[in-house]
Amino acid sequence: MIGIDVGGANLKVVDASGVHIHYCPLWEKAPIAETLKTYVKHGENSAAVVMSGELADCFENKLQGISFIAGEVQKAFPGARFYGTDARFHEGPVPQLAAANWLASADYLRERYPGAILLDIGSTTADIIPLGDFEGLLGLTDLNRLQKGFLLYTGMLRTNIAAILQSVDLKGIHTPISSEYFASSADAHLVLGHITPDEYTCDTPDHKEKTRTACLRRLARAVCADLDEIGDEGALEIARQAHERQKTAVCDAVRACAGSHGSQVILVAGIGAKLFSRELGGRDLNRELGAVADALPAFAVRERALRDKTPSN
């Protein structure tokens with residue numbers, strides 16, 4: 001059995017050998033089928049799948065995206081089963097498959113950590129999931145989750161700095177941020193030591209290096225400056241203020257969810273688990289689950305499918 005999570009930017013696979021993450025942006029004609037075919041083993045054709053990539057703007061609507069993703073997966077795994085927001089498996093493309101990856105994580109964790117709040121913060125988004133209200137989560141769309149505060153479109157790697165900050169304070173001077181895609185959250189987190197260059201797994205805004213100096217240069221450009229105009233310290237200040245603003249937004253949303261659901265336990269998964277578990281006083285699932293916590297939906301949907309195959313006594 002293989003677990004697959006097809007996102008807009010990343011294709012995540014969990015199998016018996018471990019976790020495999022491929023940068024596979026759908027808007028650039030991502031080779032989903034070709035990548036997945038490398039995981040096909042003789043006599044094994046079982047795959048459990050979740051997705052969120054149907055929202056990519058290369059598709060006219062979500063159902064078109066769902067159909068494309070399902071078709072690509074089925075080229076490698078014809079017998080693939082797709083988990084939906086109704087917490088059921090489906091054999092082909094149906095509307096319920098849209099952005100059900102977070103629900104698979106909740107489905108897996110809710111019995112292990114009853115009543116906890118899960119924050120899964122990855123490259124692009126922060127999912128905030130009250131595990132004690134699983135029935136209330138069924139059928140929720142991304143629109144519903146945005147409205148409820150269960151989904152924040154901010155992440156560790158791919159978020160435009162201009163989506164986090166409107167302005168910064170540079171040596172006491174109020175400085176607006178350019179709305180161009182000059183720098184990303186990955187640039188800020190790398191120069192602050194929150195991620196390594198190897199963890200900077202998406203494209204850079206300028207398609208150039210993932211070094212500290214290159215990140216500082218991109219951050220300086222966010223205020224329409226060259227690095228020698230504001231210096232390393234000025235670029236670092238942009239990174240610090242972006243991190244503080246992002247941290248406040250995410251932590252406030254998690255605490256609000258925990259308060260409204262009477263939750264005392266906060267679980268944190270994804271590439272931001274180490275950073276945000278410390279900020280929230282939560283439990284880092286990377287410590288408890290290992291590497292699979294960085295591909296939690298793919299792992300969770302695999303476990304859910306395996307559970308369904310297990311005969312009951």
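Just so you know, these numbers come straight off a predicted model, no measurement behind them.

Participant: How do you make sense of the overall build of the chain when you look at a structure like this?
Facilitator: Helix and strand counts for the chain stand at 12 helices and 13 strands. Radius of gyration (C-alpha) of the chain: 20 Å, near the 20 Å computed for a compact globule of 313 residues. Dimensions of the chain, computed from the C-alpha atoms along their principal axes, are close to 65 × 45 × 35 Å. Here the chain, with 313 residues, has 54% of them falling under the buried criterion.

Participant: What is the right way to read the sheet that holds strand β13 (residues 283-284) from this model?
Facilitator: Think of a sheet as strands paired side by side through backbone hydrogen bonds, with each pair either parallel or antiparallel. Pairing is mixed across the open sheet formed by 5 strands, whose spatial order is β9-β8-β7-β12-β13. In this open sheet, the two strands that pair with only one neighbour each are β9 (151-152) and β13. With 2 bridges connecting them, strand β12 (residues 266-269) and β13 associate as parallel partners. Residue pairing in the sheet places V268 in a bridge with D284 of β13. Helix α10 (residues 273-280) rests against β7 (117-121), β12 and β13 of the sheet, and its axis sits at about 160° to β12.

Participant: Honestly, the pattern of salt bridges in this entry has me stumped. Any pointers?
Facilitator: Two side chains bearing opposite charge may form a pair once their charged atoms approach each other closely. Scanning all chains against the criterion turns up 17 salt bridges. E72 is the salt-bridge partner of K75, the closest N and O atoms lying 2.7 Å from each other. Linking K75 with E72, this pair stays in helix α2 (residues 62-76), spanning 3 residues, or about one helical turn. The exposure class assigned to K75 is exposed, which follows from its relative accessible area of 52%. Of the residues examined, E72 reaches a relative accessible area of 10% and is grouped as buried. Among the ionic pairs, E288 bridges to R283, the shortest N-O distance being 2.9 Å.

Participant: Explain the environment of V168 to me, please; I cannot follow it from the model alone.
Facilitator: Within the fold, V168 resides in strand β10 (residues 167-170). Among the residues examined, V168 registers a relative accessible area of 2% and is labelled buried. Spatially, the C-alpha atoms of V168 and Q241 are 6.9 Å apart, while their sequence positions differ by 73 residues.

Participant: Just checking my understanding: could you explain the environment of G65 for this structure?
Facilitator: Structurally, the position occupied by G65 is in helix α2. Put simply, G65 and C224 are 159 residues apart on the chain and 36 Å apart in space, counted from C-alpha to C-alpha. In this structure G65 touches E54 and F59, once residues within four positions along its chain are discounted.

Participant: Would you explain helix α8 (residues 212-221) in this entry?
Facilitator: One turn of an α-helix holds 3.6 residues; hence residues three or four places apart share an orientation. Of all the positions in α8, only A214, C215, L216, R218, L219 and A220 are classed as buried. Those residues of α8 hidden inside the fold are in contact with α6 (161-164), α7 (185-191) and α9 (227-260).

Participant: Can you walk me through unusual backbone geometry in this structure?
Facilitator: A negative phi angle is the norm for most residues apart from glycine, just as the trans form is the norm for most peptide bonds. Positive phi values are uncommon outside glycine, yet A87 reaches one of about 60°. For A87, the position within the fold is in the loop between β5 (81-83) and β6 (89-90). The backbone phi angle of C224 is positive, close to 60°, even though this residue is not glycine. Residue C224 is classed as exposed on the basis of its relative accessible area of 60%.

Participant: What is the right way to look at the pairing of strand β4 (residues 47-51) in this model?
Facilitator: A regular strand carries its side chains on alternate faces of the sheet. For β4, the buried fraction is high: 5 of the 5 residues fall into the buried class. Alternating positions in β4 separate into two faces, A47, V49 and M51 on one and A48 and V50 on the other, with burial throughout. In this view, the connection linking β4 to its parallel neighbour β5 by way of α2 has right-handed handedness.

Participant: Before we go on, may I ask you to explain the nonpolar core in this structure?
Facilitator: The nonpolar side chains of a soluble globular protein tend to be buried, and buried together. Residues Y83, L119 and L285 are the most contacted members of the largest nonpolar core, which totals 85 residues. The biggest single contributor to this core is α9, with 13 residues.

Participant: For this particular structure, what's the right way to read the sheet that holds strand β2 (residues 10-15)?
Facilitator: In spatial order, the strands read β3-β2-β1-β4-β5-β6; together these 6 strands make up an open sheet with mixed pairing. Of all the strands in the sheet, the pair left with one neighbour each is β3 (18-23) and β6. Across the sheet, α2 touches β1 (2-6), β4 and β5, and the angle it forms with β4 is around 155°.

Participant: Where do I start with the packing of aromatic side chains in this structure?
Facilitator: The geometry of an aromatic ring pair comes down to the distance between the two centres and the angle between the two planes. With the rule as written, the count across this model stands at 3 aromatic pairs. Both rings, one in F59 and one in F68, keep their centres 5.5 Å apart while their planes meet at 45°; by these two values the pair is tilted. Between Y83 and F89, the ring centres sit 5.6 Å apart and the planes meet at 70°, which makes this aromatic pair edge-to-face. Under the relative-accessibility criterion, Y83 is labelled buried at 1%. The class for F89 is buried, based on a relative accessible area of 13%.

Participant: In this structure, what is going on with the environment of H194? I would like to understand it.
Facilitator: Mapped onto the secondary structure, H194 falls in the loop between α7 and α8. Residues H194 and I271 lie 77 residues apart in sequence; the distance between their C-alpha atoms is 9.6 Å. Beyond its immediate sequence surroundings of up to four residues, H194 is in contact with M156, H189, E199, H243 and L275.

Reading the values: the criteria
- Note on numbering: residues in each chain are counted from 1, in written sequence order.
- Whole-chain, interface and lining totals are the exception, using all residues; otherwise, since this is a predicted model, local features are given only for residues with pLDDT of at least 70 and side-chain atom pairs are given and counted only at 80 or more.
- With hydrogens and water set aside, each side-chain value is computed from the structure's full complement of heavy atoms.
- Strands here are runs of E lasting at least two residues and helices are runs of H or I lasting at least four, both read from the DSSP assignment and numbered beginning at the N terminus.
- It is over C-alpha atoms that the radius of gyration is taken, and the globule rule equals 2.2 Å times the number of residues to the power 0.38.
- Relative accessibility thresholds used throughout: buried, under 20% of the residue-type maximum; exposed, over 50%; partly exposed, between the two (1.4 Å probe, protein chains only).
- DSSP bridges decide pairing: two strands pair if at least two such bridges lie between them.
- Only heavy atoms enter the contact rule, under which two residues are in contact if any of them lie within 4.5 Å.
- Each axis is a line fitted through C-alpha atoms, taken for helices only over the stretch in contact, and angles between the N-to-C directions span 0 to 180 degrees.
- Basic side-chain nitrogens of Lys or Arg form a salt bridge, by our definition, when they fall within 4 Å of a carboxyl oxygen of Asp or Glu.
- The handedness rule is simple: strands pointing away from the viewer, and a clockwise path from the first strand over the helix to the second, make the crossover right-handed.
- What we call a nonpolar core is a set of buried Ala, Val, Leu, Ile, Met, Phe, Trp, Tyr and Cys residues that are connected through their side-chain atoms within 4.5 Å.
- What counts as a ring pair is set by centres within 6.5 Å for rings of Phe, Tyr and Trp (its six-membered ring), and what kind of pair is set by the plane angle: stacked under 30 degrees, edge-to-face over 60, tilted for all other angles.

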